[in-house]
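Summary of structural features
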Amino acid sequence: MKHLQRPVRRALLVVHVAVSVAWLGLSLGLLTLGLTAYTTQDPTLTLASYRAMKVFADWLLAPVALVTLGSGLVLSLGTPWGLARHRWVWIKFWLTLATAAATIFALRPEIAHAAAEGVPDSSLVAAPVVSTTAYLFMTAVSVLKPWGLTRRGRRLRESGKGRARRAWVAAGQGEFP
């Protein structure tokens, strides 16, 4: 894929960071509501908490997850980072894909079931704990960029050095540094 022009890349980066932060915030909100529903002795509050979770799940979770996944994918393919060149990008992609799928296909139906039944459900505490941990981990990985290149990234870097070396020599610049 051709690299994104700077204004497009920057706008897409703002979108990606904003929706990623929104996803983390939604997860913390769901955790708060899930804890409230699970720990209260008031059945009315349990039902109200699950119904509030359902509003978030019905209107926000899937779009935020999909925009996060899509914007991250376009950013990785449209920048020098690449999708499979650096381990941190590759790991973030697979974690985002897994958490988006779990959100859409497992968490949303479970929230809908709890909102209909109003019975305390420990899985609606555990799921937001796992997702919040995953999002915080992905945030740290984005900032720290650990682990270096993948095998593919090393191969691409080496082939790039080979091209640069050939161009250097062909231009009569002498020995390649």
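So, how was this worked out
Residues numbered from 1 in each chain as written. Predicted model: local features only at pLDDT ≥ 70, side-chain atom pairs only at ≥ 80, totals over all residues. Heavy atoms only, no water. Phe/Tyr/Trp six-rings, centres within 6.5 Å; stacked < 30°, edge-to-face > 60°. Helix = DSSP H or I, 4+ residues; strand = E, 2+ residues; numbered from the N terminus. Buried < 20%, exposed > 50% of the residue type's maximum accessible area, 1.4 Å probe, protein only.

1. With respect to the packing of aromatic side chains
- The tally for this structure, following the rule as stated, stands at six aromatic pairs.
- Judged by centre distance (6.2 Å) and plane angle (40°), the ring pair of Phe137 and Trp147 falls under tilted. Placement of the pair is Phe137 in helix 4 (residues 123-144) and Trp147 in the loop between helix 4 and helix 5 (151-170), with a sequence separation of 10 residues.
- Classification of Phe137 as partly exposed rests on a relative accessible area of 37%.
- Grouped by ring-pair contacts, the aromatic residues Trp90, Phe93 and Trp94 constitute a single cluster.

2. Observations regarding unusual backbone geometry
- The backbone phi angle of Lys145 is positive, close to 50°, even though this residue is not glycine.
- If you trace the backbone, Lys145 turns up in the loop between helix 4 and helix 5.
- Relative accessible area serves as the criterion here: at 34%, Lys145 is assigned to the partly exposed category.
- Even without being glycine, Trp147 reaches a positive phi, approximately 80°.

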